[in-house]
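# Architecture and fold: a report
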There are 2 protein chains.
Amino acid sequence: MTVTLSAADQALLVRRRRVLGAHAPLFYDTPLHIVRGQGVWLEDAEGRRYLDVYNNVAHVGHAHPRVVAAIAEQAATLNTHTRYLHERVVEYAEQLLATVDAPLSVAQFCCTGTEANELALRMARFGSGSQGVIVSDFSYHGNSATLAALTTGLPAPESLAPWVRTLRIPDTVGVPQERHAAILDQALAELDAAIASLQDAGYGVAALLVDTIFSTEGLVEPPSGYLRGVAQRIRAAGGYVIGDEVQPGFGRMGDAMWGYHSHGIVPDFMTMGKPMANGHPVAGVITRGDILEDFGEHALYFNTFGGNPVSAAAGLAVLDVIRDGGLLEHSRMMGANIRSGLGDMARRHPAIGSVRGRGLFFGLEIVRPDGTPDAARTRRIVNRMREEGVLLSRTGRDDNVLKMRPALVFDQACADLLLETLDQVVGEG
Amino acid sequence: MTVTLSAADQALLVRRRRVLGAHAPLFYDTPLHIVRGQGVWLEDAEGRRYLDVYNNVAHVGHAHPRVVAAIAEQAATLNTHTRYLHERVVEYAEQLLATVDAPLSVAQFCCTGTEANELALRMARFGSGSQGVIVSDFSYHGNSATLAALTTGLPAPESLAPWVRTLRIPDTVGVPQERHAAILDQALAELDAAIASLQDAGYGVAALLVDTIFSTEGLVEPPSGYLRGVAQRIRAAGGYVIGDEVQPGFGRMGDAMWGYHSHGIVPDFMTMGKPMANGHPVAGVITRGDILEDFGEHALYFNTFGGNPVSAAAGLAVLDVIRDGGLLEHSRMMGANIRSGLGDMARRHPAIGSVRGRGLFFGLEIVRPDGTPDAARTRRIVNRMREEGVLLSRTGRDDNVLKMRPALVFDQACADLLLETLDQVVGEG
């Protein structure tokens, strides 16, 4: 089966290019025209249904009735901003903060992950008195001018800023345990060099900014103790640790609400976005009270839409659904089942170089017979899966890691369908 | 009547400070706890109603049923992103672009005015190959690191960046016509010096970034031809003109949908935000097709929530309500009536130094008997108006301009109530 655009979709695509430009990104070799979503299912304009194993924004499922009702009810009642007192934003901050560890104690709301990382960086620079930022050498944290100047994992016309240093996040997948210590030592030495370089150049160290699941990097798995060692060195240099929780947060990893838990650290800032309100534009920064107060004495930070009553209602509804549905535990269990199925599959298909991830975030590394990355085959698999009615994507520095992040309500029947379809498509060669 | 916080509101304020920090801004000497909104009315936790003459975000009135229905219906159907084809975002872009002038022809959607100005600046820098930015010397365009470094009208811990030059926007209010030409010459000479300074420092000129109604500046009114002369010089220096339409846009000025119209220019970029979707976090950049295509060839710009189906539905509903309600014409007429009433009031009260604005955006300059700015009295008036049940705020470099921006559905009865209450409160001294 080869998919082609219908005449109606072709006309829509032409209109779209005219008003949004030719470069606005679309998924798949043949774009998909989605008109409806419910739970883990999306439906296209011709009534075909697709199992959504990709979209992490619809975190508790597309059009979740409880989130939709919260948005509709609050929008019909009041939608202003945080310059008036309102119960919802306070309650939301309290519930959100109940999921994090001391000394993290205060929240600031904004609208996108970009805004969250911008605010965390501003506070880190103010607090440290330094400008330097350390990021992974294949990462993405947002689309503002400053974040573009530290983007290493996407095309950006801005050069890497002179105040940025990059780290290669070490990967231990498939590496024997006895070599992990050496990998750790080398990675920390690389960090020491980055810190020294920023200090020598006069920038100092304001922050480390990392995705705590390293998703853009391709779900690499550093040796145990890596982020603990990194955080200790960053802080010794006067900088702060910003954990970008946009990808791992809100229970996706199954073992905890936040990605930082698995690294044995508590960051100085957590930034969050996409899944936070199931698609409503809500994002946030959580930090220590003393950091926020120092910054607040010198800056008037206000975000017009951030933390407004509707945003707070949507965010609260997502927390409610996660708690009442036991979705953290569900994510852990379903994740283990799927991971086990992917492991079995890897033994049958030499094209699968490794299985990565946990909870409901998986990566399948696709390789050639000689073990080198096979981006072309990975792309073929993504497009063939779409033809077979299962939506996923790819990631990693070599574009050869299948990326799967279904809604937390993904169940065993979905898992079976995913595994069967993947088994068939990977087997096609 | 002196307002004090109820015990319940005091408790809410304590909880709020604990989780959002002590510096998260609140309006009024005694904060207001708003729980409901409808049209031009807000209601507090004790059931008291307030005439809202301030909130420009609820552009067509609080909880407008058509906008609420559009949000609720689309949220229940689908809320993904622009990487799938979807009719709504295309239709929204088409309708929005139908309100602007050639050569503006393409739209990009994001979530906040900050994001819109960030994107416009990134494109302007890429297109010009320069870094320098010229802004007004009392302005605010957003809360990111880059925009904080060009903020001149608010406390920001970041110093003004070395690639920024500032202009004093000349004011002609109360100045005899025969002196306008000299004011214009001097202001353009100031711009020439700013351009030369950026060029000498090696930054060149990427952009002028200005609010086309100069609201933070206190609704100052430059001489006729000012922005035309400025735009011509910016472009001659290789830079772009970014018109920040967050304040004047969507028909607020009554005479046109956009602030740039009154200046006889078409900017290279228009940025928009707050009123765009009546409170739903929607913002956008409109520019020329060639500028966007050049940028798109080198940058992968994607905004997860920007232009999603719910945002597009909310934005479309606002455009529908403006058109079907004849709100542009209504804004012009009601604005003229109010402006006339304010003019009468100014003749009765020597404390009113000048009346500013048009459409449904007004400023009343409050001065001492010697004509100097009276910030303390302005603040008293704002707080007294709140006690009398009318919400407004203040602006300007001397914090002495009463700021009034009601929803476009503000009617004559509201206007009468505003004028009567203001007349009484200003008269209290």
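Criteria and thresholds
- Residues numbered from 1 in each chain as written.
- Chains lettered and ligands numbered in written order.
- Predicted model: local features only at pLDDT ≥ 70, side-chain atom pairs only at ≥ 80, totals over all residues.
- Heavy atoms only, no water.
- UniProt positions renumbered as here; feature names shortened; annotations may be inferred.
- Helix = DSSP H or I, 4+ residues; strand = E, 2+ residues; numbered from the N terminus.
- Rg over C-alpha atoms; globule rule 2.2 N^0.38 Å.
- Buried < 20%, exposed > 50% of the residue type's maximum accessible area, 1.4 Å probe, protein only.
- Lys, Arg positive; Asp, Glu negative; His and termini not counted.
- Charge placed at Lys NZ, Arg CZ, Asp CG, Glu CD.
- Pairing = 2+ DSSP bridges.
- Contact = heavy atoms within 4.5 Å.
- Axes fitted to C-alpha atoms, helices over the stretch in contact; angles between N-to-C directions.
- Salt bridge = Lys/Arg side-chain N within 4 Å of Asp/Glu carboxyl O.
- Domains from an automatic or database assignment.
- Buried area = accessible area lost by both parts, 1.4 Å probe.
- 1 Å grid on protein atoms, 1.4 Å probe; cavity = no way out; pocket = protein on both sides within 12 Å on 5 of 7 lines; lining within 4 Å.
- Points joined across faces, edges and corners; volume = space filled by probe spheres on them.
- Nonpolar A, V, L, I, M, F, W, Y, C, P; charged D, E, K, R; others polar.
- Polar contact = N/O pair within 3.5 Å; in protein donor to acceptor, adjacent residues only side chain to side chain.
- Core = buried A, V, L, I, M, F, W, Y, C linked by side-chain atoms within 4.5 Å.
- Phe/Tyr/Trp six-rings, centres within 6.5 Å; stacked < 30°, edge-to-face > 60°.
- Expected span 1.5 Å × (residues − 1).

- In the annotation of an unreviewed UniProt entry, the entry for chain A reads Aminotransferase class III-fold pyridoxal phosphate-dependent enzyme, and the organism field reads Gluconacetobacter entanii.
- The record held by UniProt for chain A lists under Cofactor (unreviewed entry) the comment "pyridoxal 5'-phosphate".

### Looking at the overall build of chain A
- Within chain A, the regular secondary structure consists of 12 helices and 15 strands.
- Scaling as 2.2 N^0.38, a compact globule of 429 residues should have a C-alpha radius of gyration of about 22 Å, and chain A matches this with 22 Å.
- C-alpha extents for chain A along the principal axes are approximately 60 × 60 × 45 Å.
- The buried share of chain A, taken over its 429 residues, is 65%.
- Here chain A carries 38 positive and 48 negative side-chain charges, and the mean point of each set is 5 Å from the other.

### Section: the pairing of strand S15 (residues 401-404) of chain A
All names here are of chain A.
- Residue alternation in S15 divides its side chains into two sets, Val401 and Lys403 and Leu402 and Met404, and both sets are buried.
- Relative to S15, strand S12 (residues 361-366) is paired through 4 bridges, and the arrangement is antiparallel. Bridging from a neighbouring strand, phenylalanine 362 pairs with methionine 404 of S15.
- The hairpin formed by strand S14 (residues 393-395) and S15 contains 5 residues between the paired strands, and glycine 396 there has a positive phi angle of roughly 95°.

### Regarding the environment of Ala283(B)
- Of note, Ala283(B) is situated in strand S10 (residues 283-288).
- In this structure the C-alpha to C-alpha distance between Ala283(B) and Asn117(B), which are 166 residues apart in sequence, comes to 9.6 Å.

### Some thoughts on the sheet that holds strand S1 (residues 34-38) of chain B
All names here are of chain B.
- Judged by pairing direction, the sheet is mixed, and its 4 strands sit side by side in the order S1-S2-S3-S13 without closing on themselves. The open sheet has two edge strands with one neighbour each: S1 and strand S13 (390-391).
- Pairing geometry for S1 and strand S2 (residues 41-44), over 4 bridges, is antiparallel. Along S2, the bridge assignment pairs glycine 37 with leucine 42.
- Strands S2, strand S3 (49-52) and S13 of the sheet are contacted by helix H12 (residues 412-427), whose axis makes an angle of about 95° with S3.

### So, the pattern of salt bridges
All names here are of chain B.
- This model, assessed by the stated rule, comprises 50 salt bridges over all chains.
- Its salt-bridge partner being arginine 379, residue aspartate 29 comes within 2.8 Å of it at the nearest N-O pair. Note that aspartate 29 is positioned in the loop between helix H1 (7-20) and S1 and arginine 379 in helix H11 (residues 375-387), a separation of 350 residues in sequence.
- In this structure, arginine 384 engages glutamate 428 in a salt bridge whose closest nitrogen and oxygen atoms are separated by 2.5 Å. A residue pair is termed long-range when its members are at least 10 positions apart, and arginine 384 in helix H11 and glutamate 428 in the segment after H12 qualify at 44 residues.
- Judged by its relative accessible area of 18%, arginine 384 falls in the buried class.

### Some points on unusual backbone geometry
- The omega torsion of the bond from Ala102(A) to Pro103(A) falls at 5°, within 30 degrees of zero and hence cis.
- Locating Pro103(A) in the fold gives a position in the loop between helix H3 (87-97) and strand S4 (104-110).
- Residue Asp399(B) is not a glycine yet carries a positive backbone phi of 55°.

### Observations concerning the domain arrangement of chain A
All names here are of chain A.
- If you check the domain split of chain A, you get domain 1 (7-63 + 326-427) and domain 2 (65-324).
- Across the boundary between the two partners, domain 1 contributes 30 residues, which contact 37 residues of domain 2.
- When domain 1 packs against domain 2, close to 2,700 Å² is buried across both sides, 54% of that on carbon and sulfur atoms.
- On the domain 1 side of the interface with domain 2, the three residues burying the most area are Arg356, Arg358 and Arg397, jointly 28% of the side's total.

### Topic: the layout of surface pockets
- Looking at the second largest pocket, its volume works out to about 1,200 Å³.
- As for the second largest pocket, its lining consists of 48 residues, and the residues nearest its centre are Tyr54(A), Leu154(A), Lys403(A), Arg83(B) and Leu300(B).
- Elements with a minimum of two residues in the lining of the second largest pocket: helix H4 (113-128), helix H11 (375-387) and S14 of chain A.
- Considering only residue class, the lining of the second largest pocket consists of 16 nonpolar, 21 polar and 11 charged.

### Here's the deal with the interface of chain B and chain A
- Counting residues at the interface gives 93 residues for chain B and 93 residues for chain A.
- Note on chain B versus chain A: buried area summed over both sides is about 8,000 Å², and carbon and sulfur give 61% of it.
- When the buried surface of chain B facing chain A is broken down by residue, Tyr84(B), Leu85(B) and Phe305(B) rank first, second and third, together holding 11% of it.
- Between Glu158(A) and Arg122(B) there is a salt bridge; the shortest N-O distance is 2.7 Å.
- For the pair chain B and chain A, the number of links is 45 residue pairs in polar contact (both at pLDDT 80 or more).
- If you list the elements that add at least two residues to the side of chain B that touches chain A, you get H1, S1, helix H2 (65-77), helix H3 (87-97), strand S4 (104-110), helix H4 (113-128), helix H5 (145-148) and helix H8 (289-298) of chain B.
- The element contributing the most residues to the side of chain B that touches chain A is H1(B), with 8 residues.
- Grouping the constituent residues of the side of chain B that touches chain A by class yields 51 nonpolar, 26 polar and 16 charged.

### Focus on the pairing of strand S5 (residues 132-136) of chain B
All names here are of chain B.
- With respect to burial, S5 is a largely interior element, 5 of its 5 residues being buried.
- Sheet analysis places S5 next to strand S7 (residues 205-211), joined by 4 bridges and oriented parallel. By the bridge assignment, isoleucine 134 is partnered in S7 with leucine 208.
- Relative to strand S6 (residues 164-167), S5 is paired through 4 bridges, and the arrangement is parallel.

### Looking at the nonpolar core
- Grouped together as the largest cluster of nonpolar side chains are 212 residues, with contacts concentrated most on Leu418(A), Leu422(A), Leu418(B) and Leu422(B).
- Those residues in contact with Leu418(A) that lie beyond four places of it in its chain are Leu51(A), Val53(A), Ile338(A), Met385(A), Val390(A), Leu392(A), Met404(A) and Phe410(A).

### Brief notes about the packing of aromatic side chains
Residue and element names in this part refer to chain A.
- For the structure on display, the rule yields 14 aromatic pairs over all chains.
- Ring plane angle 55° and centroid distance 5.9 Å describe the contact between phenylalanine 27 and tyrosine 28, whose orientation is recorded as tilted.
- Judged by its relative accessible area of 13%, tyrosine 28 falls in the buried class.
- Relative to phenylalanine 269, the ring of tyrosine 240 lies with its centre 5.7 Å away and its plane at 75°, an arrangement referred to as edge-to-face. Of this pair, tyrosine 240 sits in strand S8 (residues 240-244) while phenylalanine 269 is found in strand S9 (residues 269-272), placing the two residues 29 residues apart along the sequence.
- According to the relative accessible area criterion, tyrosine 240 is buried, its value standing at 13%.

### A word on H4(B)
Residue and element names in this part refer to chain B.
- Across its 16 residues, H4 extends 22 Å between first and last C-alpha, which sits within 8% of the 22 Å expected from 1.5 Å per residue.
- A large share of H4 lies buried, amounting to 14 of its 16 residues.
- Of the residues one or two after H4, glycine 129 is the one with positive phi, at around 70°.

### Some details on the sheet that holds strand S7 (residues 207-211) of chain A
Residue and element names in this part refer to chain A.
- If you trace the 7 strands from one edge of the open sheet to the other, you get S4-S10-S9-S8-S7-S5-S6, paired in mixed fashion. Every interior strand has two partners, whereas the edge strands, S4 and strand S6 (164-167), have only one. Strand-to-strand twist in this sheet, taken as the mean axis angle between neighbours without regard to direction, amounts to 20°.
- Here 6 bridges tie S4 to strand S10 (residues 283-288), and the two strands are oriented antiparallel to one another. The residue of S10 that forms the bridge with phenylalanine 109 is glycine 284.
- Across the face of the sheet, helix H8 (residues 289-298) comes into contact with S4, S8, S9 and S10 while running at roughly 105° to S10.

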